[in-house]
2 protein chains.
Amino acid sequence: MNYTFADNIRALKPSAIREILKLSSQPGIIPFSAGNPATDAFPAKEIAEISNSILTTNPAVALQYSTTEGYTPLRECMADYMQKKYSVGGEEDDILITSGAQQVMNLVTKVFVNTGDTIICEDPSFIGSLNAFRSFGANLVGVPIEADGIDLNALENAIKTSKNVRFLYTIPNFQNPSGITMSYQKRKSVYELCKKYGVLILEDNPYGEIRFSGEDIPTIKSMDTDGIVIYAGSFSKVLSPGMRVGYAIANKQIIAKLTVCKQTDDVHTTLWSQIVSHKFLTEYDFEKHLEKIRDIYRRKANLCMKLADEHLKPMVDYYPVEGGLFLWCKLPHGMDMMDFTMKALENKVAVVPGTAFSVDTSAKSDRFRINYSTPSDEQIINGMEILGKILK
Amino acid sequence: MNYTFADNIRALKPSAIREILKLSSQPGIIPFSAGNPATDAFPAKEIAEISNSILTTNPAVALQYSTTEGYTPLRECMADYMQKKYSVGGEEDDILITSGAQQVMNLVTKVFVNTGDTIICEDPSFIGSLNAFRSFGANLVGVPIEADGIDLNALENAIKTSKNVRFLYTIPNFQNPSGITMSYQKRKSVYELCKKYGVLILEDNPYGEIRFSGEDIPTIKSMDTDGIVIYAGSFSKVLSPGMRVGYAIANKQIIAKLTVCKQTDDVHTTLWSQIVSHKFLTEYDFEKHLEKIRDIYRRKANLCMKLADEHLKPMVDYYPVEGGLFLWCKLPHGMDMMDFTMKALENKVAVVPGTAFSVDTSAKSDRFRINYSTPSDEQIINGMEILGKILK
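What you see is a predicted model; the values in this text were computed from it and never measured.

The rules we used
Residue positions are given per chain, counted from 1 along the sequence in the order it is written. The naming scheme follows written order: chains are lettered A onward, ligands numbered 1 onward. This being a predicted model, a pLDDT of at least 70 is required before a residue's local features are given, and a value of 80 or more before pairs of side-chain atoms are given or counted; all residues contribute to the totals for chains, interfaces and linings. Side-chain numbers come from the whole structure's heavy atoms, not from hydrogens or water. Paired strands, as defined in this entry, are two strands with at least two bridges between them according to DSSP. Secondary structure elements follow DSSP: runs of H or I of four or more residues count as helices, runs of E of two or more count as strands, with numbering from the N terminus. A residue's pLDDT is simply how confident the predictor is in it, with values from 0 to 100. An axis is simply a line fitted to the C-alpha atoms; with a helix, the fit covers only the stretch in contact. Between two such axes, the angle follows the N-to-C directions and lies from 0 to 180 degrees. Just so you know how the angles are binned, under 35 degrees is roughly parallel, over 145 roughly antiparallel, 65 to 115 roughly perpendicular, and the rest oblique. Contact definition: two residues touch when any of their heavy atoms are within 4.5 Å. Three classes are used: nonpolar for Ala, Val, Leu, Ile, Met, Phe, Trp, Tyr, Cys and Pro, charged for Asp, Glu, Lys and Arg, and polar for all others, with Gly counted as polar. Only protein chains enter the area calculation, which uses a 1.4 Å probe; residues under 20% of their type maximum are buried, those over 50% are exposed, and those in between are partly exposed. Copies overlap after least-squares fitting; the atoms used are the C-alpha atoms of residues with pLDDT of at least 70 in both. Here the quantity called buried area is the total loss of accessible area, with a 1.4 Å probe, experienced by two parts when brought into contact, counted for both. The term salt bridge refers to a side-chain nitrogen of Lys or Arg lying within 4 Å of a carboxyl oxygen of Asp or Glu. All domain edges in this entry derive from an automatic or database-based domain assignment. Polar contacts here mean pairs of N or O atoms no more than 3.5 Å apart (in protein, one a potential hydrogen donor and the other a potential acceptor; neighbouring residues in sequence count only if both atoms are side-chain atoms).

A. Geometry of the sheet that holds strand S14 (residues 367-371) of chain A. All names here are of chain A. In spatial order, the strands read S10-S11-S14-S13; together these four strands make up an open sheet with antiparallel pairing. With one partner strand each, in any of the chains shown, strand S10 (317-318) and strand S13 (352-353) form the two edges of the open sheet. Where S13 meets S14, two bridges bridge the pair, whose relative direction is antiparallel. From the neighbouring strand, Pro-353 faces S14, where its bridge partner is Phe-368.

B. Broad picture of the confidence of the model for chain A. Chain-level pLDDT for chain A is 95 on average; 98% of the residues reach the 70-or-more range. This complex was scored by the predictor with a pTM of 0.97 and an ipTM of 0.96.

C. The arrangement of unusual backbone geometry in detail. All names here are of chain B. Between Asp-123 and Pro-124 the backbone carries a cis peptide bond, its omega angle lying at 10°. On the secondary structure map, Pro-124 appears in the loop between strand S3 (118-123) and helix H7 (127-134). Even without being a glycine, Ser-87 presents a positive backbone phi close to 55°. Along the chain, the position of Ser-87 falls in the loop between helix H5 (72-86) and strand S2 (93-98). Unlike most non-glycine residues, Lys-348 shows phi in positive territory, near 70°. Positionally, Lys-348 belongs in the loop between helix H13 (337-346) and strand S12 (349-350).

D. Quick peek at the packing of helix H6 (residues 102-112) of chain A against helix H10 (residues 252-266) of chain B. With their axes 5 Å apart at the nearest point, H6 of chain A and H10 of chain B run at an angle of 100° to one another. One way to sum up the angle between H6 of chain A and H10 of chain B is to call them roughly perpendicular. Side by side, H6 of chain A and H10 of chain B meet where Gln-102, Gln-103 and Asn-106 of chain A of the first sit next to Gln-263, Thr-264, Asp-265 and Asp-266 of chain B of the second. Per-class residue counts for the contact of H6 of chain A with H10 of chain B are no nonpolar, five polar and two charged.

E. Representation of the environment of Asp-216 of chain B in the model. Residues and elements named next belong to chain B. Looking at where Asp-216 falls in the secondary structure, it is placed in the loop between strand S7 (200-204) and strand S8 (229-234). A relative accessible area of 49% means that Asp-216 is categorised as partly exposed. In this structure, the C-alpha to C-alpha distance between Asp-216 and Asn-52, residues 164 residues apart in sequence, is 36 Å.

F. Broad picture of the relation of the copies chain B and chain A. Aligned on chain A, chain B shows an RMSD of 0.0 Å; the corresponding rotation is 180° and the shift along the axis is 0.0 Å. Overall, the copies show the geometry of a two-fold rotation axis. Closest to the rotation axis within chain B is the C-alpha of Asn-52 of chain B, separated from it by 3.1 Å. Looking at the interface residues of chain B, 100% of them are also at the interface in chain A, so both copies use one shared face.

G. How the structure looks around the interface of chain B and chain A. Contact with chain B, which involves 73 residues of that partner, is made by 74 residues of chain A. By the criterion of area lost to chain A, the three top residues of chain B are Tyr-3, Leu-63 and Tyr-65 of chain B, representing 12% of everything that side buries. The interface formed by chain B and chain A includes zero salt bridges. Elements represented by at least two residues in the side of chain B that touches chain A include exactly helix H1 (7-10), helix H3 (44-57), helix H4 (59-63), helix H6 (101-112), H7, H10 and helix H11 (271-283) of chain B. In terms of residue count, H10 of chain B provides more of the side of chain B that touches chain A than any other element does, nine residues in total. Of the residues in the side of chain B that touches chain A, the class split is 33 nonpolar, 28 polar and twelve charged.

H. Focus on the environment of Asp-317 of chain B. Residue and element names in this part refer to chain B. Along the chain, Asp-317 turns up in strand S10 (residues 317-318). Residue Asp-317 is classed as partly exposed on the basis of its relative accessible area, which comes to 41%. Distance in space between the C-alpha atoms of Asp-317 and Pro-332 is 8.1 Å, their sequence separation being 15 residues. Those residues within four positions of Asp-317 in sequence are excluded, and the remaining contacts are Trp-328, Cys-329 and Lys-330.

I. Structural context of the sheet that holds strand S6 (residues 165-170) of chain B. Residue and element names in this part refer to chain B. The eight strands are arranged S2-S9-S8-S7-S6-S3-S4-S5 in an open sheet whose pairing can be described as mixed. Among the strands making up the open sheet, the edge pair consists of S2 and strand S5 (149-150). Direction of pairing for strand S4 (residues 139-146) relative to S5: antiparallel, over a ladder of two bridges. Looking at the pairing, Ile-145 lines up with Ile-150 of S5. Sheet strands touched by helix H8 (residues 152-161): S3, S4, S5 and S6. Its angle to S4, the strand with the most contacts, is close to 165°.

J. Region of the structure containing the domain arrangement of chain A. Residues and elements named next belong to chain A. The domain architecture assigned to chain A consists of domain 1 (13-43 + 288-391) and domain 2 (59-283). For domain 1 versus domain 2, the separation of C-alpha centres amounts to 25 Å. Taken together, the 26 residues of domain 1 in the interface contact 34 residues of domain 2. A combined buried area of about 2600 Å² lies between domain 1 and domain 2, and 66% of that area is made up of carbon and sulfur atoms. Summed over the three residues of domain 1 that lose the most area to domain 2, namely Glu-322, Phe-357 and Val-359, the buried surface amounts to 26% of that side. For Glu-322, the salt bridge goes to Arg-211, with nearest N and O atoms at 2.7 Å. At the surface where domain 1 touches domain 2, the tally comes to twelve residue pairs in polar contact (both at pLDDT 80 or more). Among the secondary structure elements, those contributing two or more residues to the side of domain 1 that touches domain 2 are helix H12 (286-312) and strand S11 (326-330).

Okay, structure coming up:
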């Protein structure tokens, strides 16, 4: 049978890049292409303890239906944590627990975007979010990123010249894929600019807690006195992505609409995951756990950057990183990126071609992304050596 | 700030009924309004055992990212189970694991429906599905139900006179809220009719496995030689709703599109839930567990019907049920349903007003729904007596 799909969905295809990513999960391949947390970053023993305690003492609490808003103790404790630690969330705000932060991107788009409306994105940006926006027929307008974050002139120009701009999507900390962190000054300017034009900001901060050097910079949401920022957080990088727990903090009116939509989407987030997250936050030493994760990623990032300096420079340039999971590498002028990516794969090293993150899917790119959290230290050493050889 | 929401979402509000449902969860209220499985129907001990085994032997498998399609062993075992037991799924079909069956309704609508396209629904029908359809701006056309299922003449008329009919939504077994089961003959006719007009069928079967009397009737999907039926199944009623595991079985092309959309929605379903479901299905006696659940609901349904005969008849009529979780009750001519519902609530008994399930939200109704799975036997006895007194 020939099926007729909805207009917004017809154009949505698994990309050619998906094939590379599929290949990259095969045994024997060095997985620089993934975005998985390091396995030793999971507090597996603690999660097992908590889970056992829940399921043997009061299992019905974890197994029964729950409210769409989320498990109340987790909502309260996260709202408090984000307020005290990051000044995120005020009197007029509320919190919704979601099935991973990806669901925030999906729900925010559903709640605000009519087909053809514009979403402004950093270019390049996270493919999962871009595809969520595309799945509602949004018009994506990309704005280049500079070393200290989004290009402000280009941003203002995009807002002024695009049709029905609904929100700006930004990852201010250790942006995926570029690794760039937006400066404090730029965050303030972005906020003022969006306020001036009545444009909402969707601030996605999955990596904020894994800064392993330098100083924290206040979130854009912490500057939000006008209710224009929707903050998306996630437990995927600090606890476990398989548990699928994220959250949105925004003005109550926005959270109410997101909640109505989440109810029709998946009723509520898995309760076991929510209760485990809550107990880990309140009954264990979360700060110490974060320190442990930061140590792991600091070591891996430093190893990766040292080897990049050794094997890839000066041909390949990259932004040094202070957090997150990725190195964003630039090939020398005239070298074909897809050709390089395929050669790497032939030599058992999988990197992600830069085009995967382009707002314009037909754009060319001279970049590729390396992930250092998934591969072992040994794989990082071997992989970087192989990439160096291919370059020469 | 005044937020401008998307056109499809603006009309989507928490209904007045939601307020009644909120009140109904207060302590001291007899919860005839819920749809929760009975707590003693959860295999809590077994789930605790499985969970402990997963998290102490190979925790990374449950805690890491996974594929959108679902945990492969669960997909394979469910595809096999549904094929062998119910002849659901053929050579051309595939299976997608979802975050509850609710997500199937959401994804199918997203994949097939443009704003303004028609979805034909049994009227009354499950409010969660109706709201999912509404959230994409679908035009809902209701078709009345007879004692043996949907009215075929009205269905054909609806298909012929409605604009861009994309699919028929049906719950053939123990329909929610009516409790009605569609006859074999009618299932065949519905299939042929939809085939004739090129209309897809979304067959929602959350209660199929909890038939406690009478004979199983083949699913519509088992008749599907043309790839027009999308089957939605759920673990919520047979294992645990808090785990949020459901699945869709449909033609491969459809499953591929649903998968692309699920990726932008929540990446994948919680892995712990999927692994627990798989191990329960393969390492424990699932059939014996189903027998136990059926015993519980048979007892509760029979108790509820006996008391309805005693306290509510002949003023209130209802469809006798052979499975599922609900009694659909009809008030005598001239009695105001909302008035009755509010009086019941004042007397600490919460039932759901029939209007909650109407396709036309402004329609009147002389019905109310009683759930017998959530309340204890004692609550059923007291609650039915109270409803009887209010009637008199």
